[in-house]
Amino acid sequence: MATKTVEGAEAGTEAQGDETAVEAATTEEQAGRAEVLEDGSGRADAVEEGAVEEAASVEEAAGEQEPAPDKAPSGVGQGAGAVVSAALGLVSLSGGWIGTVAGAREQLIGQLRTSSTASVATQIKAVYGNAWHSTALWAGLFALAALLTGVVVLARPAFGAPGRPQAPWTRSVAWAGVSLGVVGLLLAVLKYSDALLALPSTG
């Protein structure tokens, strides 16, 4: 009986030792799993933080490399200037309404200031010559305005935004205004100097 009791005690002791070893192994395994989970979550957080920082740096680089575009001129003013130049050039060929009124005024003044006893040459010059010169003068002013406006429109891109070409129709109309201005100015000079359509001779 004593031998069985000793054997039972030894078996109980061995069983308790095995249970303790199992519990220790289970505790170590759980601790290992916890460490792995902590390491995994820490790595995930580190990866997430790195991705956020990388995205922020990419956005900053994009903002530095792509500056906000400046507001480019629309070209409406240049087009309007070209049309005005062409219109003034057309007016210069006829003298316009202002030239007609100025010519009629000079004619009236000549009639009032010239006596009926004056010579025919004096009457023609006072009544018709001055009116003709006044019309030529106003035509020349319109031609000069058309010429200057067209030149300003054509030269405007050189002082504007670089690399932005001017609209083809704007250049065409501006060149038309310049051409009409040159022709109108030439005709005005010829009329004012009596080289074209001079007064009739009375001799």
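Focus: the overall build of the protein chain
Helices and strands together make up the secondary structure of the protein chain, namely five helices and zero strands. Start at the N end of the protein chain and walk to the C end: the helices and strands fall as α-α-α-α-α. For the protein chain, the proportion of its 203 residues judged to be buried stands at 21%. Residue pairs in contact within the protein chain that sit at least 24 positions apart in sequence constitute 83% of those at least 6 positions apart. As displayed, the protein chain offers around 14,300 Å² of accessible surface, 63% of which is attributable to carbon and sulfur atoms.

Here we look at the packing of helix α2 (residues 76–94) against helix α4 (residues 120–155)
Where α2 contacts α4, the two axes come as close as 8 Å, and the packing angle between them is 155°. Relative to α4, the element α2 lies roughly antiparallel. Read as a crossing pair, α2 and α4 show a hand that is left-handed. Along its contact with α2, which presents Q78, G81, A82, S85, L88, G89, V91 and S92, the element α4 presents A139, F142, A143, A145, A146, T149, G150 and V153.

Regarding unusual backbone geometry
A positive phi angle, near 60°, is found at D194, a position not held by glycine. Residue position: D194 is located in the segment after α5 (168–192). Residue D194 is classed as partly exposed on the basis of its relative accessible area of 31%.

Focus on a nonpolar patch on the surface
On the surface, W97, I98, V101, L137, W138, L141 and Y192 cluster together into a nonpolar patch covering about 730 Å² of accessible area. Within the residue set of the nonpolar patch, elements represented by two or more residues are α3 (96–113) and α4. Classification of Y192 by relative accessible area gives partly exposed; the value is 45%.

Section: the packing of aromatic side chains
Summed over all chains, the structure comprises zero aromatic pairs. Positioned above the aromatic ring of W132, the side-chain terminus of K191 is 5.5 Å from the ring centre.

What to know about α4
What sets the pattern is the α-helix's 3.6 residues per turn: residues three or four places apart point alike. Here α4 spans 51 Å end to end across 36 residues, near enough to the 52 Å set by a 1.5 Å rise per residue. A126 marks the point of greatest bend in α4, at about 35°.

Here's the deal with the nonpolar core
By size, the foremost hydrophobic cluster in this structure holds six residues: A82, L147, V153, L154, A174 and V178. Listing elements by their share of this core, those giving two or more residues are α4 and α5. With three residues, α4 is the largest single contributor of residues to this core. Beyond its immediate chain neighbours, meaning those up to four positions away, V153 contacts Q78, G81, A82, Q166, T170 and A174.

Description of the side chain of S134
Inspection of the secondary structure puts S134 in helix α4. The class for S134 is buried, based on a relative accessible area of 11%.

Side note on the confidence of the model for the protein chain
Taken over all residues, the pLDDT of the protein chain has a mean of 74, while the share at 70 or more is 60%. Across residues 1–12, where pLDDT falls below 50, the model places zero contacts with residues more than four positions away in sequence or in other chains.

Quick notes on the packing of α4 against α5
Any two packed helices are characterised by the angle at which their axes cross and by the distance between the axes. Two elements in contact, α4 and α5, have axes whose closest approach is 7 Å; the angle formed by their N-to-C orientations is 155°. Considered as vectors, α4 and α5 are oriented roughly antiparallel to each other. Of the two elements, α4 crosses α5, and the hand of that crossing is left-handed. Its residues assigned to classes, the contact of α4 with α5 comprises 17 nonpolar, seven polar and two charged.

Some words on the side chain of K191
Secondary-structure assignment places K191 in helix α5. Put simply, K191 is tucked away with no salt bridge, and the nearest opposite charge, on D194, sits 11 Å away. In contact with K191, other than residues within four places in its own chain, are W132, H133, A136, A139 and L196.

Rules used throughout
Residues numbered from 1 in each chain as written. Predicted model: local features only at pLDDT ≥ 70, side-chain atom pairs only at ≥ 80, totals over all residues. Heavy atoms only, no water. Helix = DSSP H or I, 4+ residues; strand = E, 2+ residues; numbered from the N terminus. Buried < 20%, exposed > 50% of the residue type's maximum accessible area, 1.4 Å probe, protein only. Contact = heavy atoms within 4.5 Å. Areas by Shrake-Rupley, 256 points an atom, 1.4 Å probe, with all protein chains shown as cover. Axes fitted to C-alpha atoms, helices over the stretch in contact; angles between N-to-C directions. Parallel < 35°, antiparallel > 145°, perpendicular 65-115°, else oblique. Left-handed = near helix turned anticlockwise from the far one by under 90°. Patch = residues over 30% accessible without salt bridge, like charges linked within 9 Å, V, L, I, M, F, W, Y side chains within 5 Å. Salt bridge = Lys/Arg side-chain N within 4 Å of Asp/Glu carboxyl O. Phe/Tyr/Trp six-rings, centres within 6.5 Å; stacked < 30°, edge-to-face > 60°. Lys NZ or Arg CZ within 6 Å of the ring centre and 35° of its normal. Expected span 1.5 Å × (residues − 1). Bend = angle between axes of the 7 residues up to and from the residue. Core = buried A, V, L, I, M, F, W, Y, C linked by side-chain atoms within 4.5 Å. pLDDT = per-residue confidence, 0-100. Nonpolar A, V, L, I, M, F, W, Y, C, P; charged D, E, K, R; others polar. Lys, Arg positive; Asp, Glu negative; His and termini not counted.

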